[in-house]
Amino acid sequence: MTSRIVGTGSYLPETVVTNDDLSKIMDTSDEWISSRTGIRERRLVKEETTASMAAEAAKRALENAGVSADEIDLIIVGTITGDYVTPSTACEVQAAIGAEHALAFDLNAACSGFMFALSSAHAYLQANLANAALVIGVETLSKIMDWNDRSTCVLFGDGAGAAVVKRDEVGLSGLDLGSDGAKGMVLACPNRTNNNPLVQTDKALGYTYMDGQEVYKFAVTTVPESIHKAVEHAGLEIGDIKYFALHQANIRIIQSVAKRLKVSVDKFPISLDHCGNISAASVPILLDEMNQKGMLERGDKIVMSGFGGGLTWGTAVLTW
Ligand code: UT7
């Protein structure tokens, strides 16, 4: 017995911001952004919140799965941009969709958030601690960007993706997850500073800082290794995999991973051109787009892989 994704859903904010739009408000260009990253546009929130996007993606995933909110007994949300420190985004989603029997919590693994949430839901299901889980990746990254730092803010977007997961005979068959906290500061965003009477400070909230080249080097070495390990864990070979759904950070990372795995880049579906990098939401949004386009057939072997802040990485092999 294992755990299977039985439905997917996603939500992107209404407002489209193109590279040309950004070049009107900062010193950048469509040429620089698209040639270095593959990103052409991203969606940014105006009215939407982290919880409202997550709840909408969750409703769409439940509809796609033919599962009612009443049946859901576990909600795990991968996010680093919840609307509140507490309540969690997962508890907000629970209330919004009426999943009153669910245990709900958030998990922080940055761009690997959906993969860590999926593996956690798998562990709950296999331990009979839950029967039907909603696994969500959601981010409002636009609120933690320094909009004066063109080297980071142009890369990221907002959005949510969700999957309904249940026990089944086929589904997840290989996992590889890991963390390297010693390198955490190459991609960091400080939380609020302590302002208690002993340490009073007037420091403002910090924004995201990234050493892009260090993250790039980490990704192109760690992700192929992780994929090899997960595929081996599943008892499969790289040639058995129909699609590799990778975290959508940069087209050049995806091309490099394809080359290192000796796999055609055609097997790597792309959403970063219209989404940018949406951290924990990237992989589930991509999976939902693949599902909605009818690219996935029962029995297909799929790899999903997330990587980024922490540093963290997580790969899953699954049979659709
Ligand atoms: O989910 C988290 C995972 N994150 C990632 O995977 C990011 C991985 N890293 C990358 O994708 C790349 O390192 C970046 C796309 C972030 C940057 O590409 P790069 O080739 O490493 O560029 P760079 O940082 O070395 O910058 C090159 C030049 C600099 O100018 P000078 O010093 O050569 O004159 C930058 O100031 O490009 C300049 N630059 C820009 N120019 C126009 C930086 N950002 C911009 C911009 N528009 N937005």
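Residues numbered from 1 in each chain as written. Predicted model: local features only at pLDDT ≥ 70, side-chain atom pairs only at ≥ 80, totals over all residues. Heavy atoms only, no water.

Asker: How should I be thinking about the pairing of strand E5 (residues 103-107) in this particular structure?
Answerer: Along any regular strand the residues' side chains alternate between the sheet's two faces. When strand E4 (residues 74-78) meets E5, the two strands line up parallel, connected through five bridges. Among the inter-strand pairings, Leu74 is bridged to a residue of E5, identified as Leu103. (Pairing = 2+ DSSP bridges. Helix = DSSP H or I, 4+ residues; strand = E, 2+ residues; numbered from the N terminus.)

Asker: Is there a simple way to think about the packing of helix H7 (residues 212-233) against helix H8 (residues 251-261) in this case?
Answerer: How two helices sit against one another is set out by the angle between their axes and by the gap between those axes. Put simply, H7 and H8 touch, their axes get as near as 9 Å, and they point 40° apart. Here H7 is positioned oblique relative to H8, judged by the angle of their axes. Regarding H7 and H8, the two cross each other, and that crossing is right-handed. Along the contact surface, H7 presents Tyr216, Ala219, Val220, Thr221, Val223, Pro224, Ile227 and His228, while H8 presents Arg252, Ile253, Ser256, Val257, Arg260 and Leu261. For the contact of H7 with H8, a count of residues per class yields nine nonpolar, three polar and two charged. (Axes fitted to C-alpha atoms, helices over the stretch in contact; angles between N-to-C directions. Parallel < 35°, antiparallel > 145°, perpendicular 65-115°, else oblique. Left-handed = near helix turned anticlockwise from the far one by under 90°. Contact = heavy atoms within 4.5 Å. Nonpolar A, V, L, I, M, F, W, Y, C, P; charged D, E, K, R; others polar.)

Asker: I tried to follow the packing of aromatic side chains on my own but got confused; where do I start?
Answerer: Aromatic ring pairs are described here by two measures, namely the spacing of the ring centres and the angle between the planes. On inspection of all chains with the given rule, the structure shows three aromatic pairs. Here Phe244 and Phe268 contribute two aromatic rings whose centre-to-centre distance is 4.8 Å and whose plane-to-plane angle is 10°, an arrangement assigned as stacked. Highlighted residues: Phe244 in strand E11 (residues 243-246) and Phe268 in the loop between H8 and helix H9 (272-275), separated in sequence by 24 residues. What makes Phe244 buried here is its relative accessible area of 0%. (Phe/Tyr/Trp six-rings, centres within 6.5 Å; stacked < 30°, edge-to-face > 60°. Buried < 20%, exposed > 50% of the residue type's maximum accessible area, 1.4 Å probe, protein only.)

Asker: Explain the site of the ligand to me, please; I cannot follow it from the model alone.
Answerer: Close contacts around the ligand come from 22 residues, with Thr28, Arg36, Gln213, Asn250 and Asn277 the closest. Between Thr28 and the ligand, the recorded distance is 2.7 Å, taken from a side-chain N or O atom to a nitrogen atom. Here an oxygen atom of the ligand sits 2.9 Å away from a polar atom, N or O, in the side chain of His247. Counting residues per element, the ones that place at least two in the shell around the ligand are helix H2 (30-37), helix H6 (150-153), H7 and H8. The dominant element in the shell around the ligand, judged by the number of residues it contributes, is H7, at four residues. (Near = heavy atom within 4 Å. Polar contact = N/O pair within 3.5 Å; in protein donor to acceptor, adjacent residues only side chain to side chain.)

Asker: So what exactly am I meant to see when it comes to the domain arrangement of the protein here?
Answerer: Note on interface size: it is often stated as the accessible area lost on association of the parts. With domains assigned, the protein is organised as domain 1 (2-169) and domain 2 (174-319). For domain 1 and domain 2, the distance between their C-alpha centroids amounts to 14 Å. Taken together, the 48 residues of domain 1 in the interface contact 45 residues of domain 2. There are zero salt bridges connecting domain 1 and domain 2. When residues of the side of domain 1 that touches domain 2 are traced back to their parent elements, those giving at least two are strand E1 (2-11), H2, strand E3 (41-44), helix H5 (113-126), strand E6 (132-140) and strand E7 (158-168). The dominant element in the side of domain 1 that touches domain 2, judged by the number of residues it contributes, is H5, at seven residues. A breakdown of the residues in the side of domain 1 that touches domain 2 according to their chemical character gives 20 nonpolar, 18 polar and 10 charged. (Domains from an automatic or database assignment. Salt bridge = Lys/Arg side-chain N within 4 Å of Asp/Glu carboxyl O.)

Asker: Got a minute to help me understand H8 in this structure?
Answerer: For an α-helix the count is 3.6 residues per turn, leaving residues at separations of three or four pointing the same way. Looking at H8, one finds that the buried residues are Ile251, Ile253, Ile254, Ser256, Val257, Ala258 and Leu261. Against H2, H7, E11, H9 and strand E12 (301-308) lie the buried residues of H8. With its phi angle positive at about 60°, Lys262 sits one or two positions after the end of H8.

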